[in-house]
Amino acid sequence: MPRLFLTLIAIAVAVVSSVDSHATDRAALLAFKSGVRGNLSDWGSPKLCNWTGVTCDSTERVAHLNLSGIISPAISNLSALKTLDLRFNQLSGIIPPELGMLSQLLVLKLGHNSLTGSIPEAVVCNCTSLTSISLNKNSLTGEIPFSARCRLPRLQHLSLYANRLEGSIPLSMSNFTSLSWVLLQYNSLGGVLPSQMFDKMPFLQYLYLSGNSFSSDGGNTNLEPFLASLVNCTGLQELGVESNGLGGEIPAIIGNLSSANLSKLYLEDNEITGAIPHTIGNLHSLTDLELQYNMLEGPIPTEVFHPRWLTQIILSNNQINGEIPKSIGLARQLVTIDISNNSLRGEIPQTLSNLTMLEKLLLDNNQLSGAIPPGLSVGSMP
């Protein structure tokens, strides 16, 4: 058979295939339309790539969808879909498991809605090319559905915060080695904080487990295994594990976390005991340190005020004693200092007068004595 004829057949097949794909996309969108809110008067016009909320790829297949309404299973027929972004709408009902058929999906964003039910395993495990999963601020229940079979090597952002999820963090997440955001705060998760998971995530930047019911190792007495697992995360910028009821002391190894990048450290509202380790001063990029509402004791280490970019330090409602270190005057960027409701003694250090950026200073309910330093401006302070 002549080569030209074979080429013409191939072209004809490709054209037919393309026409069929476009027809499938068109039918899927029109099926989805009945549950969509908003003005979609242009849906039905000849060129679907110009429809509201629809973006096509170079082959005129639907690649990105940004709409509001009920999530219809018909979306699963958009086989070339790469981005599904339905955030900040009034979506209700469940997440259709049929979304797991979108094999090319890269971005799944359904956050800030009123979705209920569990997260279908088919959706988060079958779409193996996913780089971002954002299901935060819904009313989703059940466990995080990452079974042992899940392989998401490209997943970078996982945002499930502010739902009603329960159970522990699946160990299979240790295989998601590209993760940089893990946002699981304000759910009903529990179990022991993982100590053999995050050390396999070298690109981790943001880790928030706050507002759950996690415990530390050794029957909620040992924070070191968890914090040690973060030492290799050299890009870690923010760590939040507050409001969990965590017990144990803050280990010296906390100073081995990312000294070049860690800027926010939130450990407040737990049951942490012992003294504040002086190694916190090794975290040179620290801007926010919050340790309030624990059972900390002993003096405030002078090294705590060594990070030059420190803007907020809150140590209130503990059992801290001793004097306020004169080194407090070294943290020239401080805006907020709250060390109220402790057992501090001695005079207020004159070096506080060096803090020209200071807006809030709370020292009440201690046993301080002496005069307020004359150079300390208190006009804007409560």
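Each remark here, short or long, concerns the structure printed above.
Here the residue numbering is sequential within each chain, running from 1 through the sequence in written order. Per-residue local features are limited, in this predicted model, to residues with pLDDT of at least 70; the limit for side-chain atom pairs, both in listing and counting, is 80 or more; totals at the level of whole chains, interfaces and linings are taken over all residues. As a rule here, side-chain values come from all non-hydrogen atoms in the structure, and water together with hydrogens is ignored.

K.L.:
Which parts of the structure should I look at to understand the overall build of the chain?
P.N.:
Numbering of helices and strands runs from the N terminus, with a helix taken as a DSSP run of H or I at least four residues long and a strand as a DSSP run of E at least two residues long. From N to C terminus, the chain includes four helices and 27 strands. Residue contacts follow a heavy-atom distance rule, with two residues in contact if any of their heavy atoms lie within 4.5 Å. Contacts in the chain between residues at least 24 apart in sequence constitute 56% of all its contacts with a sequence separation of at least 6. Shrake-Rupley sampling with a 1.4 Å probe provides the accessible areas, and residues are treated as covered by the protein chains on show and by no other component. A total accessible area of about 16,700 Å² is found for the chain, and carbon and sulfur atoms account for 52% of it.

K.L.:
For this particular structure, what's the right way to read the sheet that holds strand 19 (residues 271–274)?
P.N.:
The strands that make up a sheet are held in pairs by hydrogen bonds between backbone atoms, and each pair lies either parallel or antiparallel. A pair of strands is considered paired only if DSSP assigns at least 2 bridges between the two. Ordered in space as 17-19-21-23-25-27, the six strands form an open sheet in which the pairing is parallel. If you trace the sheet from one side to the other, it starts and ends with strand 17 (247–249) and strand 27 (367–369), each paired once. Strand-to-strand twist in this sheet, taken as the mean axis angle between neighbours without regard to direction, amounts to 15 degrees. Every axis in this analysis is a line fitted to C-alpha atoms, fitted for helices over the stretch in contact. Angles between the N-to-C directions lie between 0 and 180 degrees.

K.L.:
Just to check I follow, could you spell out the state of the cysteines for this structure?
P.N.:
The bond known as a disulfide is covalent and runs between the sulfur atoms of two cysteines. Only a pair of cysteine sulfur atoms within 2.5 Å qualifies as a disulfide here. Under the defined criterion, the tally for this structure stands at one disulfide. One disulfide in the model links C125 with C150; its S-S distance is 1.5 Å. Across the S-S bond linking C125 and C150, the dihedral sits near 45 degrees, which makes this disulfide right-handed. Remark: C150 occurs in the loop between strand 9 (139–141) and strand 10 (157–159) and C125 occurs in helix 2 (residues 121–126); sequence separation between them is 25 residues. Each member of the pair, C125 as well as C150, is classed as buried. The cut-offs for exposure are 20% and 50% of the maximum accessible area for each residue type, with area from a 1.4 Å probe on protein chains only; residues under the lower value are buried, those over the upper are exposed, and the others partly exposed.

K.L.:
What is the right way to look at the sheet that holds strand 13 (residues 188–192) in this model?
P.N.:
What the three strands build is an open sheet, ordered 11-13-15; its pairing is parallel. Both outer strands of the open sheet, strand 11 (166–167) and strand 15 (213–215), are each paired with one neighbouring strand and no more. Pairing between strand 11 and strand 13: two bridges, direction parallel. Each residue of the ladder has a partner; that of G167, found in strand 13, is L189.

K.L.:
Help me out: how do you make sense of the nonpolar core in this one?
P.N.:
Ranked by size, the top nonpolar core spans 91 residues in total, and within it F146, L230 and L239 carry the most contacts. Those elements that provide at least two residues to this core are helix 2 and helix 4 (224–228). For this core, the element with the most residues is helix 2, which contributes three residues. Not counting residues within four places of it along the chain, the set of residues in contact with F146 comprises V124, C125, I133, L152, L158, P170, S172, M173 and F176. In plain words, nonpolar cores are sets of buried Ala, Val, Leu, Ile, Met, Phe, Trp, Tyr and Cys residues tied together by side-chain atoms within 4.5 Å.

K.L.:
Looking at this model, I keep getting lost on the pattern of salt bridges. Mind explaining?
P.N.:
Two side chains bearing opposite charge may form a pair once their charged atoms approach each other closely. A pair is scored as a salt bridge if a Lys or Arg side-chain nitrogen falls within 4 Å of a carboxyl oxygen belonging to Asp or Glu. One pass over the structure, following the stated rule, counts four salt bridges. Salt-bridge contacts for R149 lead to E121; the nearest nitrogen and oxygen are separated by 3.2 Å. Highlighted residues: R149 in the loop between strand 9 and strand 10 and E121 in helix 2, separated in sequence by 28 residues. Here D199 makes a salt bridge to K200, at a shortest N to O gap of 3.9 Å. Owing to a relative accessible area of 38%, K200 belongs among the partly exposed residues under this scheme.

K.L.:
Would you mind going over the environment of Q185 with me for this structure?
P.N.:
Note that Q185 resides in the loop between strand 12 (181–183) and strand 13. Assessed through its relative accessible area of 11%, Q185 is described here as buried. A sequence separation of 58 residues divides Q185 from S243, and the C-alpha atoms of the two residues are 9.7 Å apart.

K.L.:
Is there a simple way to explain unusual backbone geometry in this structure?
P.N.:
Keep in mind that most residues, glycine aside, have a negative phi and that most peptide bonds are trans. With a phi angle near 55 degrees, K137 is a residue other than glycine that sits in the positive phi range. Note that K137 resides in the loop between strand 8 (132–134) and strand 9. Of note, D269 is a non-glycine position whose phi angle comes to about 55 degrees, a positive value. Position of D269 among the secondary structure elements: in the loop between strand 18 (264–266) and strand 19. For D269, a relative accessible area of 40% corresponds to the partly exposed category.

Honestly, it's all geometry; don't read function into it.
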